[in-house]
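Listed below are the residues making up each chain.
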Amino acid sequence: MRKLFAGLVIAVSGALLIGGTAGAAPAPPLPVPDGFFSGILPELTNPAGSLPGSNDFSCKPTAEHPEPVILVHGTGGGQQTNWGKYAPLLANEGYCVFSLTYGGVPGMPWPVSAIGGMLPIEQSAQQFGDFVDRVLASTGATKVNLVGHSQGTLMPSYYLKFLGGADKVDKYVSLAPLWKGIDALGVSQLAPTVKRLGLQEVQAQTVEQLCGACFQMAAGTDFMNKMNEGGPYVPQVTYTNIMTRYDEAVVPYTAGFLEAPNATNIVVQDACSLDYAEHAGIAADPIAATHVLNALDPEHPRPVPCFFVPPFTG
């Protein structure tokens, strides 16, 4: 009798243990903040850290989302400050999410070290390529997907075209892209003026020391001409360009509108005139974010909403 009772206790305990494990509630979703500036507080409270849901190098991609997503910030941004919305959003969707701060001025302490995209794009692209290799090695994936903003839509293209990255990227989603170069405040006229006046060395020793990438992105520069020779796209990659008519940095906003068989161009206001997101805001705009999710997972598209989105917030 004693043995029977002990056996029943063990059996019931085992059933409870198994049942409790099988019925355990999944982890709650990460909070997804609103607004482009939502990544600043995490940087202040966790300097040089990673946003919740990002940079878990033990993450293994699922069958539903077999390719990790790398978030690529814009000029002056960083792995936290640029992506307060997208890191938790994509993690909640089941993606392995990664982000880096590239192009920081070497040897600078925090908070200057958190300001990325300042080095010449060629140097940043080398850093980016090393990061892609690290993500592929840790996750076991064969390719990554990219979500870039501003300079982060252009710099990876250098890696794809000139540094052997074309076979390591599947989908390339760009927020506020600038494939044709920008002309905000007439900056495209600066390079020819500097050449005409023989001031290249002065520029190299002054403004380019502060931001080597800034003048490379102007329309008509040697860098942009090199990028567009034969077109900025590579055939192995699928591109989605997401633009806003109210972009005050990528001028004209159509600098990101470039047709090709492997590219889709989206201007958010074409389907939603209530969306006033501008250059920064589009990187947290929930309407643009739906386009991003559909670009990353085109087999399971979701309806794109339309509602009022104020500028500078997303």
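In this text the structure is predicted, and so the values were computed from the model without any measurement.

Caption draft 1: The arrangement of helix α4 (residues 121-139) in detail. Here α4 is 19 residues long and its end C-alpha atoms lie 26 Å apart, about the 27 Å a rise of 1.5 Å per residue gives. Within the sequence span of α4, burial applies to Ile121, Ser124, Ala125, Phe128, Gly129, Phe131, Val132, Val135, Leu136, Ser138 and Thr139. Residues of α4 that are buried in the fold lie against β1 (69-72), β2 (97-100), β3 (144-149), α5 (151-162) and α9 (222-228). Immediately beyond the C-terminal end of α4, within one or two residues, lies glycine 140, with a positive phi of roughly 80°.

Caption draft 2: Quick look at the pattern of salt bridges. Counted under the stated rule, the structure contains six salt bridges. Here lysine 85 makes a salt bridge to aspartate 34, at a shortest N to O gap of 3.7 Å. Taken together, the residues span a long stretch of sequence, with lysine 85 in the loop between β1 and α3 (86-92) and aspartate 34 in the loop between α1 (2-22) and α2 (40-45) at a distance of 51 residues. Judged by relative accessible area, which is 7%, lysine 85 ranks as buried. Taking relative accessible area as the criterion, aspartate 34 reaches 63% and is therefore assigned exposed. Notably, a salt bridge pairs arginine 245 with aspartate 270, separated by 2.4 Å at the nearest N-O pair. In this pair, arginine 245 sits in the loop between β5 (238-243) and β6 (263-267) while aspartate 270 sits in helix α10 (residues 268-271), placing the two residues 25 residues apart along the sequence. Overall, arginine 245 belongs to the partly exposed group, its relative accessible area being 40%. A residue is classified by how much of its surface remains accessible, and aspartate 270, at 54% relative accessible area, is exposed. In this structure, a network of salt bridges that share partners links the residues Glu67, Asp170 and Lys171.

Cut-offs used in this document
- Residues numbered from 1 in each chain as written.
- Predicted model: local features only at pLDDT ≥ 70, side-chain atom pairs only at ≥ 80, totals over all residues.
- Heavy atoms only, no water.
- Helix = DSSP H or I, 4+ residues; strand = E, 2+ residues; numbered from the N terminus.
- Expected span 1.5 Å × (residues − 1).
- Buried < 20%, exposed > 50% of the residue type's maximum accessible area, 1.4 Å probe, protein only.
- Contact = heavy atoms within 4.5 Å.
- Salt bridge = Lys/Arg side-chain N within 4 Å of Asp/Glu carboxyl O.

The values reported here are purely geometric and, on their own, carry no functional implication.
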